[in-house]
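Structure at a glance
One letter stands for each residue in the lines below.
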Amino acid sequence: MTVRVALIGAGSMGADHARIIAQDLPGATLQVVCDASAGRARQVAEATGAVDVASDPFAAIERSDVDAVLVASPDETHAALCLAAIAARKPVLCEKPLAVTVAECMEVVEAEVAAGERLVQVGFMRRFEPAYVEMREAVAGRTIGRALMMHNAHRNVEAPAGFTGKMAITNSAPHEFDIARFVLGSEATAISVFQPGIRDTTPSVAPVFIIMETSDGQIVDIEVNNNAGYGYDVRCELVGETGSIAMVPPAQVRLSAGLRAAEAYPADWRPRFAEAYRLQDKAWIEAIRTGVPSAVGASAWDGLRATAIAEAGVRALGEGAKVTLPELTVPDLYRRERAGPGASGP
Ligand code: ISE
């Protein structure tokens, strides 16, 4: 079976997914590239050999020659498109976030629960990054004793136009919210957010420093700096009772010249996590072909939790106080999936 995919959104992430499907996934084909800009849709379709182009995403989702939907459109459109895919009973890989508000995430979860099957995978691609996978295995296997702390840094070269301070918490940090839940296998229970006090030199999107507490008593700290200036740099160290595991930057070469040595940084997340994106998209297609949802990929429930932590984080920053996250009952649909070997989420 070849999975015929409708790509919704032909921006930079959409173009990347289109290339992965065209070049690396023999079990899938790009049936239609849909974008509000006809020129952009055509450009991506031509570069990747897609069969057709379209501008109406809802009509594209319903086409009888489309088996699955990949959503890479702006964040605010995600929930409505996921709901349309669920209504059409088509599997959907939705770029993070699942939705920008918890209420919208809940609508998607409720629709999926009503449909009675797992159709949504959220694009938290770091779950497929080998370093995080090893950390998760170390936690499960107690290689470093019980996990106590997780230190994270998430630095971008420069915040894009229109990126707001709040988006450091709602758009960037959700990667860490999700990966901490995935690696530690515990749930976030509280969040505090701080900002450096030196404001006169702070750029428009200032760094934030987040502390997240978990249901197993672990502490997760996350520095998000969208204007780090020097390169795209993601760091993580997991500290356990008897050791630690740190992510080693995947540099390809080290240049030695003029009495100095230098390694290059990627400009953004696409080259840094290229392999994770490829493995994620491959697992999604495999799940559709076998009818068994990926045990690693993030579910709609995981998407909801990440948005809930982000919403609490925005409140914590505004109020200058720790915010406690409410305990939520995991619907059976997601519980069942998590019970299996290698299951995702806490
Ligand atoms: C962006 O939206 C992403 O998803 C990237 O993976 C992340 O590193 C970046 O900070 C976000 O703004």
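Since the model is a prediction, treat every value here as computed from it, not as a measurement. (Residues numbered from 1 in each chain as written. Predicted model: local features only at pLDDT ≥ 70, side-chain atom pairs only at ≥ 80, totals over all residues. Heavy atoms only, no water.)

Taken as a whole and assessed by the stated rule, the structure comprises 24 salt bridges. A salt bridge links D233 to R155, with the shortest nitrogen-to-oxygen separation between them at 3.8 Å. In this pair, D233 is assigned in strand β11 (residues 233-240) and R155 in strand β7 (residues 147-155), connecting sequence segments 78 residues apart. Across the salt bridge formed by R270 and D268, the nearest N and O atoms sit 2.6 Å from each other. (Salt bridge = Lys/Arg side-chain N within 4 Å of Asp/Glu carboxyl O. Helix = DSSP H or I, 4+ residues; strand = E, 2+ residues; numbered from the N terminus.)

Once that is clear, we can look at helix α6 (residues 130-141). The first and last C-alpha atoms of α6 sit 16 Å apart over twelve residues, in line with the 16 Å expected at 1.5 Å per residue. Among the structural elements, β7, α8 (174-184), β11 and β12 (244-246) are those in contact with the buried residues of α6. A positive phi of about 55° marks R142, the residue just after α6. (Expected span 1.5 Å × (residues − 1). Contact = heavy atoms within 4.5 Å.)

The subject of this paragraph is the site of the ligand. Every residue near the ligand is listed here: K96, H154, N156, F163, N171, S172, H175, N226, Y232 and W269. One of the side-chain nitrogen or oxygen atoms of N156 is found 3.0 Å away from an oxygen atom of the ligand. (Near = heavy atom within 4 Å. Polar contact = N/O pair within 3.5 Å; in protein donor to acceptor, adjacent residues only side chain to side chain.)

Glancing now at the environment of K90. With respect to the element layout, K90 can be found in the loop between α4 (78-87) and β5 (92-95). Residue class for K90 comes out buried when judged on its relative accessible area of 12%. K90 sits 55 residues away from D35 along the chain, and the two C-alpha atoms are 19 Å apart. Once you skip the residues sitting within four places of it in the chain, K90 turns out to touch I61, E62, R63, V66, D67, V69, A85 and L119. At a separation of 2.8 Å, a polar atom in the side chain of K90 contacts the main-chain carbonyl oxygen of I61. (Buried < 20%, exposed > 50% of the residue type's maximum accessible area, 1.4 Å probe, protein only.)

On to unusual backbone geometry. Note that the residue after K96, namely P97, is joined by a cis bond; omega there is -5°. Structurally, the position occupied by P97 is in the loop between β5 and α5 (102-115). Of note in this structure, R142 is not a glycine but carries a positive phi near 55°. Looking at the element boundaries, R142 is found in the loop between α6 and β7. Residue class for R142 comes out exposed when judged on its relative accessible area of 54%. Look at L259: it is not a glycine, yet its phi comes out positive at around 65°. Structurally, L259 can be placed in the loop between β13 (255-257) and β14 (260-262). Among the residues examined, L259 registers a relative accessible area of 91% and is labelled exposed.

Before going further, it helps to spend a moment on the side chain of D178. When you line up the elements, D178 lands in helix α8. Ignoring sequence-local partners within four residues, the contact set of D178 consists of F124, R127, A298 and D302.

Strand order in the open sheet formed by seven strands is β12-β11-β7-β10-β9-β8-β15, and the pairing between neighbours is mixed. Strand pairing shows two members of the sheet lacking a second neighbour, β12 and β15 (323-324), which therefore form its edges. Alignment of strand β8 (residues 188-194) against strand β9 (residues 208-214), held across six bridges, turns out to be antiparallel. The partner of F194 across the bridge, within β9, is F209. Sheet strands in contact with α8 are β7, β8, β9, β10 (219-225) and β11, and its direction is about 155° off that of β7. The strands touched by helix α11 (residues 300-319) are β8, β9 and β15; relative to β8, the strand with the most contacts, the crossing angle is about 40°. (Pairing = 2+ DSSP bridges. Axes fitted to C-alpha atoms, helices over the stretch in contact; angles between N-to-C directions.)

One open sheet accounts for six strands, arranged β3-β2-β1-β4-β5-β6; its pairing is parallel. Among the strands making up the open sheet, the edge pair consists of β3 (52-54) and β6 (120-123). If you compare each strand with its neighbour and ignore which way they point, the axes differ by 25° on average. As defined by bridge partners, strand β1 (residues 3-8) adjoins strand β2 (residues 28-34) across six bridges and the pair is classed as parallel. By the bridge assignment, V3 is partnered in β2 with A28.

Moving on: the packing of α5 against α11. Their axes nearest at 9 Å, the elements α5 and α11 cross at an angle of 165°. Here α5 is positioned roughly antiparallel relative to α11, judged by the angle of their axes. Regarding α5 and α11, the two cross each other, and that crossing is left-handed. Mapping the contact onto sequence places V102, C105, M106, V108, V109 and E112 in α5 and A300, W301, G303, L304, T307, A308 and E311 in α11. A breakdown of the residues in the contact of α5 with α11 according to their chemical character gives nine nonpolar, two polar and two charged. (Parallel < 35°, antiparallel > 145°, perpendicular 65-115°, else oblique. Left-handed = near helix turned anticlockwise from the far one by under 90°. Nonpolar A, V, L, I, M, F, W, Y, C, P; charged D, E, K, R; others polar.)

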